[in-house]
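Reading the structure
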Amino acid sequence: MLAANGGRVRDYKVPNLIPAAGPTHVAIPTTAGTGSEVTRFTVITDVDSGEKMLIAGSALVPTAAVVDYELSLTMPPRLTADTGTDSLTHAIEAYISRRANAFTDAFALTAMKTIWRELPTCFRDPGNLQAREAMMLAATQAGIAFSNASVALVHGMSRPLGAHFHIPHGLSNAMLLPAVTQFSTEAAMERYAECARTMGIARADDSDENAVAELIDALYERNAELQVPSPKQFGIDEERYIALIPTMAAQALASGSPQNNPRIPTVEEIEMIYGQVWQG
């Protein structure tokens, strides 16, 4: 991006545009996580402001991607869980996004079904080749989904947590996913219920209300299974965390991602969710 356009990275922070495409770019992922090998997004930390800047544009889409699941075999369990949960969040948020469409729905639903089934196996049994292969494909599918439908509130809130407290991105997503889902479902009951049914959490004949309730419970249970800590358990100083909530909420809202959420939050509601997830 900078080779083709000059300037500094912060000059291209969303909503600013990237005028010209850069040189040939071949992406080779080594985690079953971000899906960045097929996306038009990148996130760069501004060390001066402590902000994780969202940068987006078709110029960032790699020319080609080499997706080889064998490169993920040496990931330790914590990294496996965190990157896998990042992929799950991509799929769910792409499906419930206000910018979702028939094309992205197909990728999102396929990805979330696979990730929900295979991630615990990869976490417990890192050498399971079939599970690793399935997760690697699903991460790429989830990347295609969110690159075309965008992420939503979880990612908007996750970036400031990562920037200020150096929490790995997938882990901060995991900390937020159950609470943000609980906040958001009232505005998209059918969509969230379909996520629950697709992942096998709810039965086909469950009502939307029951399916959504089962989804929220399952997300909290999955966090426990994958040993996801709360911000408090991660070792963050409570006083600093509370003091930074207004700054994090403002940065989350400014990223634009919360505007894709089915229930668009106010800055006060984002602050409330940050407070809610403190203890998990």
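Refer to the structure printed above.
Residues numbered from 1 in each chain as written. Predicted model: local features only at pLDDT ≥ 70, side-chain atom pairs only at ≥ 80, totals over all residues. Heavy atoms only, no water.

**What to know about the overall build of the protein chain**
Counting its regular elements, the protein chain contains 11 helices and 4 strands. C-alpha extents for the protein chain along the principal axes are approximately 55 × 45 × 35 Å. Taking as baseline every contact in the protein chain between residues at least 6 positions apart, the subset at least 24 positions apart corresponds to 72%. For the protein chain, the exposed surface amounts to about 12100 Å²; the carbon and sulfur share of it is 53%. (Helix = DSSP H or I, 4+ residues; strand = E, 2+ residues; numbered from the N terminus. Contact = heavy atoms within 4.5 Å. Areas by Shrake-Rupley, 256 points an atom, 1.4 Å probe, with all protein chains shown as cover.)

**Thoughts on unusual backbone geometry**
In this structure, Pro15 follows Val14 across a cis peptide bond, with omega equal to 15 degrees. Even without a glycine there, the phi angle at Ser150 is positive, about 75 degrees. Mapped onto the elements of the fold, Ser150 is located in the loop between helix 4 (129-149) and helix 5 (153-165). Taking the relative accessible area as the measure of exposure, Ser150 reaches 4% and is therefore buried. Its identity is not glycine, yet Gln227 carries a phi of approximately 60 degrees, on the positive side. You can see Gln227 is positioned in the loop between helix 8 (208-225) and helix 9 (231-234). (Buried < 20%, exposed > 50% of the residue type's maximum accessible area, 1.4 Å probe, protein only.)

**Let's talk about helix 7 (residues 189-198)**
Every buried residue of helix 7 is accounted for by Tyr192, Ala193, Cys195, Ala196 and Thr198. Looking at the buried side of helix 7, the elements it contacts are helix 2 (77-96), helix 3 (102-124), helix 6 (169-184) and helix 8. Trailing helix 7 by a residue or two, Gly200 shows a phi angle of about 80 degrees, which is positive.

**Considerations on the pattern of salt bridges**
Where side chains of opposite charge bring their charged atoms close, a pairing between them can arise. The full count for this structure, using the stated rule, is 14 salt bridges. Asp48 serves as the salt-bridge partner of Arg10, at 3.0 Å between the closest nitrogen and oxygen. With Arg10 in the loop between helix 1 (2-5) and strand 1 (26-27) and Asp48 in the loop between strand 2 (41-46) and strand 3 (51-56), the pair connects residues that are 38 residues apart, well separated along the chain. For Arg10, a relative accessible area of 31% gives the class partly exposed. Judged by relative accessible area, Asp48 falls into the exposed class, the value being 62%. A salt bridge links Arg263 to Glu186; its shortest N-O distance comes to 3.6 Å. Placement of the pair is Arg263 in the loop between helix 10 (238-254) and helix 11 (267-277) and Glu186 in the loop between helix 6 and helix 7, with a sequence separation of 77 residues. Connected through shared salt-bridge partners, Arg10, Asp46 and Asp48 make up one network. (Salt bridge = Lys/Arg side-chain N within 4 Å of Asp/Glu carboxyl O.)

**Comments concerning the environment of Ala3**
Looking at the secondary structure, you find Ala3 in helix 1. Each C-alpha atom of the pair Ala3 and Ala21 lies 9.2 Å from the other, and the pair is 18 residues apart in sequence.

**A closer look at the packing of aromatic side chains**
In total, this model carries 4 aromatic pairs according to the counting rule given. Across the ring face of Tyr95, the terminal group of Arg191 is positioned such that the distance to the ring centre comes to 4.1 Å. Note that Arg222 overlies the ring of Trp116, its terminal NZ or CZ placed 3.8 Å from the centroid. (Phe/Tyr/Trp six-rings, centres within 6.5 Å; stacked < 30°, edge-to-face > 60°. Lys NZ or Arg CZ within 6 Å of the ring centre and 35° of its normal.)

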